[in-house]
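Listed here are the chains, written in short residue letters.
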Amino acid sequence: MAEYELECSECGWRGMESALDKQTGESGGETLHFCPDCGGTNFDKITEKEEGKSS
């Protein structure tokens with residue numbers, strides 16, 4: 001599984017997937033990911049094209 005950079009939709013934190021706080025749900029064994037800064041759960045993948053975009 002390839003790792004990619006993520007951006008939190010709630011606070012704008014950016015980092016690798018491995019930096020996220022992870023918690024396994026008790027039912028079904030689903031792993032939930034949380035932003036280390038705000039605890040948000042909505043993330044966008046950051047592509048090379050977006051990183052190179054000038055403002």
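Residues numbered from 1 in each chain as written. Predicted model: local features only at pLDDT ≥ 70, side-chain atom pairs only at ≥ 80, totals over all residues. Heavy atoms only, no water.

Trainee: Any details on the confidence of the model for the protein? Residues and values, ideally.
Mentor: Here the protein shows a mean pLDDT of 82. Residues at 70 or above account for 78%. Element-level mean pLDDT values for the protein span from 53 in helix α1 (residues 48-51) up to 95 in strand β1 (residues 5-8). (pLDDT = per-residue confidence, 0-100. Helix = DSSP H or I, 4+ residues; strand = E, 2+ residues; numbered from the N terminus.)

Trainee: Explain the nonpolar core to me, using residue names and the numbers behind them.
Mentor: Membership of the largest hydrophobic core is limited to five residues, which are Leu-6, Cys-8, Trp-13, Leu-20 and Cys-35. Excluding anything up to four places from it in sequence, Cys-8 contacts Trp-13, Cys-35, Cys-38, Asn-42 and Phe-43. (Core = buried A, V, L, I, M, F, W, Y, C linked by side-chain atoms within 4.5 Å. Buried < 20%, exposed > 50% of the residue type's maximum accessible area, 1.4 Å probe, protein only. Contact = heavy atoms within 4.5 Å.)

Trainee: Quick rundown of the state of the cysteines? Include the residues and the values.
Mentor: With the rule as written, the count across this model stands at zero disulfides. Cys-35 forms no disulfide, and the closest cysteine sulfur to it belongs to Cys-11, at a distance of 3.7 Å. Between Cys-38, a cysteine without a disulfide, and Cys-8, which holds the nearest cysteine sulfur, the sulfur-to-sulfur distance is 3.7 Å. Classification of Cys-38 as partly exposed rests on a relative accessible area of 38%. (Disulfide = S-S within 2.5 Å.)

Trainee: Tell me about the environment of Phe-43, residues and numbers included.
Mentor: You can see Phe-43 is positioned in strand β5 (residues 43-45). In the structure, Phe-43 is positioned 30 residues away from Trp-13 in sequence and 9.3 Å away in space, judged by C-alpha atoms. Those residues in contact with Phe-43 that sit more than four places away from it in its chain are Leu-6, Glu-7, Cys-8, Ser-9, Trp-13, Leu-20, His-33, Phe-34 and Cys-35.

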